[in-house]
Protein chains: 2
Amino acid sequence: MNQSALGKELIGIDLFAADLASPERKSRSLIESVMHRLRIEIVQGVLSAGSRLLIDDLQRRFDVSGGTVREALSLLVSDGLVHAKTQRGFFVAPMSLQDLEGLTRTRVALECESVRESVKCGGSEWESNLVAAYSELIRSDERVMRNPDDEFDRWEIANRNFHRSLIGACSSDWTYRFLAVLNIHLERYRRLTSTRTLPERNVHAEHELIFQSALARDAEQCSLLLRQHIESSVSVVRQFALLR
Amino acid sequence: MNQSALGKELIGIDLFAADLASPERKSRSLIESVMHRLRIEIVQGVLSAGSRLLIDDLQRRFDVSGGTVREALSLLVSDGLVHAKTQRGFFVAPMSLQDLEGLTRTRVALECESVRESVKCGGSEWESNLVAAYSELIRSDERVMRNPDDEFDRWEIANRNFHRSLIGACSSDWTYRFLAVLNIHLERYRRLTSTRTLPERNVHAEHELIFQSALARDAEQCSLLLRQHIESSVSVVRQFALLR
DNA sequence: AGGTTAACGATAATCGATTTTTTTGATTTA
DNA sequence: TAAATCAAAAAAATCGATTATCGTTAACCT
């Protein structure tokens, strides 16, 4: 990665959406630990969208003081998973079809523009990273076909890495940051479609076309395919008719 | 505005970058008040980029408890003005040329894509809002020529409103949110070019062309002009050669 | 009955003190 | 000299208790 540090040691928004539960995420403080646990519970839907986050409850549940809970929640406001209203507490960010569409449109804007730039100005390092990420994704594709339950999480990581390396050449820390936020929210919607079965539509084929157009340095084509790829994954979720 | 509430009452990121000091910003809690004051000091450079934010100092300076300061700082992590590192405190977000470029690239991606959509699908409401915002901007242009010092802040607001109404038809809450974050950071860079004199290059003419192409429903042209407009405003700041 | 106020329980906000952790600077050791 | 050690000093993290605010219900008045 040619990126600057992007403050791996900074706390706040989560840059590694997919591997939420990865083991090496050792928390160095109670605040961080509570923040992390809350994030998982929100993304997984244990704490349901829109519901209130009562300090007292959480304080008891996590066996920490109120202040610690409040600070963890305040930090979670960063990635928009938690909303805060003055004098009336914290809430899990609500979900809605409108929100999902906004999420997607914004992702399209950022990711498609970035891939255009990357394809144009990506060097050999970008190219080899991309190739590596793609072949890892294919391998993961096969594995996940064989036994979906065990491999799904790893497939998601491979998928995310592929998307990241597509835009790896040109995007800024800010773009990364925002895409990370969008991703963690999108993951929340994906988990709503409970069944972790692999999508019926041929994601695999879509990836292949995107990959090839990137290598062929066809920026416009690549961007277009990527847009369709992203947008079509919405319609899958949309079928579940989220209310509001 | 056709937007959903976008939680005006939510605290966290600041959606009204320009009118930081506007009077009706009554804070309903100490946390909010401290957060607000800190935000102003950071954007204005009173607290310099990269510097440490010591709890003890701030606690004394604002005459509140440490916990209150910590929570205010944690909330400021949302809009990236404050960085937090576990067990070693809070910092003012650093500034660098690279950061400025990333900020700009990301803004271009979001704003240009949004304007494309808006120009395509904007209805009469969008159009009349745009016309209103533009004419207000012209009026502000004139006023600010006459006496720059007094009117500058108001011009910035008019300018921001013009940009917002350009993309008003189609963009999502997420896009708004991100653009607000980018804007407040860009404002920090603008203030670095101390002199609040109006830009030499003809911003006025650029705005006019953008406005006209929007009304003419020439999405591509409008997007292109907007891109150039945004990018050229960077080079102004760039001259000041921020180090690091 | 309709609306206003009063009181109370629940919850958020805030503080001051205490405990950990990091940083610093002097001293020792290889 | 450079690295390692260790003991304050500084700062962050955390807690438990207190205070302020909100929402709801009950009493009250015309």
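Residues numbered from 1 in each chain as written. Chains lettered and ligands numbered in written order. Predicted model: local features only at pLDDT ≥ 70, side-chain atom pairs only at ≥ 80, totals over all residues. Heavy atoms only, no water.

**Student:** Got a minute to help me understand the overall build of chain A in this structure?
**Tutor:** In terms of helices and strands, chain A carries 9 helices and 4 strands. Each helix and strand of chain A, ordered N terminal to C terminal, gives the series β-α-β-α-α-β-β-α-α-α-α-α-α. Every one of the 244 residues in chain A was classed for burial, and the buried ones make up 55%. For chain A, contacts bridging at least 24 residues in sequence account for 74% of all contacts bridging at least 6. Entry remark: accessible area of chain A is about 11100 Å², with carbon and sulfur atoms responsible for 52%. (Helix = DSSP H or I, 4+ residues; strand = E, 2+ residues; numbered from the N terminus. Buried < 20%, exposed > 50% of the residue type's maximum accessible area, 1.4 Å probe, protein only. Contact = heavy atoms within 4.5 Å. Areas by Shrake-Rupley, 256 points an atom, 1.4 Å probe, with all protein chains shown as cover.)

**Student:** What am I meant to see in the nonpolar core here?
**Tutor:** With 84 residues, the main nonpolar core has A:Phe162, A:Leu166, B:Phe162 and B:Leu166 as its most contacted residues. Core analysis: the next-biggest nonpolar cluster, separate from the first, contains 49 residues, A:Leu73, A:Leu76, B:Ile11 and B:Met35 among them. (Core = buried A, V, L, I, M, F, W, Y, C linked by side-chain atoms within 4.5 Å.)

**Student:** Is there a simple way to think about the protein's contact with DNA strand D in this case?
**Tutor:** Taken together, 19 residues lie around DNA strand D, and A:Leu30, A:Ser65, B:Arg28, B:Arg70 and B:Gln87 are the ones closest in. At 2.9 Å, a side-chain N or O of B:Arg28 approaches a phosphate oxygen of DNA strand D. At the level of secondary structure, the elements contributing two or more residues to the surface near DNA strand D comprise helix H1 (30-43) of chain A together with strand S2 (52-53) of chain B. A class-by-class count of the residues in the surface near DNA strand D yields 6 nonpolar, 7 polar and 6 charged. (Near = heavy atom within 4 Å. Polar contact = N/O pair within 3.5 Å; in protein donor to acceptor, adjacent residues only side chain to side chain. Nonpolar A, V, L, I, M, F, W, Y, C, P; charged D, E, K, R; others polar.)

**Student:** Honestly, the relation of the copies chain B and chain A in this entry has me stumped. Any pointers?
**Tutor:** Note: a rotation about an axis with an accompanying shift along it relates these two copies of the chain. Here chain B sits on chain A after a turn of 180° about the axis and a move of 0.0 Å along it, with an RMSD of 0.0 Å. Here the transformation between the copies is reduced to the relation of a two-fold axis. When C-alpha positions in chain B are compared against the rotation axis, the closest is assigned to B:Ser78, at 1.9 Å. Looking at chain B, 100% of its interface residues are interface residues in chain A too, so the copies touch through the same face. (Least-squares fit on C-alpha atoms with pLDDT ≥ 70 in both.)

**Student:** What should I look at first to understand the interface of chain B and chain A in this one?
**Tutor:** In many analyses, interface size is given as the accessible surface area lost on bringing the parts together. Counting residues at the interface gives 44 residues for chain B and 44 residues for chain A. Across the chain B to chain A interface the summed buried area is about 3700 Å²; carbon plus sulfur atoms make up 55%. It is B:Thr86, B:Trp174 and B:Phe178 in chain B that bury the most area against chain A; as a group they hold 18% of the surface buried on that side. Viewed at the interface, chain A and chain B are joined by 7 salt bridges. For the salt bridge of A:Arg105 with B:Glu117, the shortest nitrogen-to-oxygen distance reads 3.2 Å. On inspection of chain B and its partner chain A, the count reaches 26 residue pairs in polar contact (both at pLDDT 80 or more). By residue number, the principal contributor to the side of chain B that touches chain A is helix H4 (residues 97-121) of chain B, which donates 10 residues. Residue classes in the side of chain B that touches chain A are distributed as 15 nonpolar, 16 polar and 13 charged. (Buried area = accessible area lost by both parts, 1.4 Å probe. Salt bridge = Lys/Arg side-chain N within 4 Å of Asp/Glu carboxyl O.)

**Student:** Please clarify how the sheet that holds strand S4 (residues 89-92) of chain B should be interpreted in this entry.
**Tutor:** Backbone-to-backbone hydrogen bonds pair the strands of a sheet. The strands run either parallel or antiparallel. The 4 strands are arranged S1(A)-S3(B)-S4(B)-S2(B) in an open sheet whose pairing can be described as antiparallel. With one partner strand each, in any of the chains shown, strand S1 (10-11) of chain A together with S2 of chain B form the two edges of the open sheet. With 2 bridges connecting them, S1(A) and strand S3 (residues 82-85) of chain B associate as antiparallel partners. What sits directly across from A:Leu10, in S3(B), is B:Lys85. (Pairing = 2+ DSSP bridges.)

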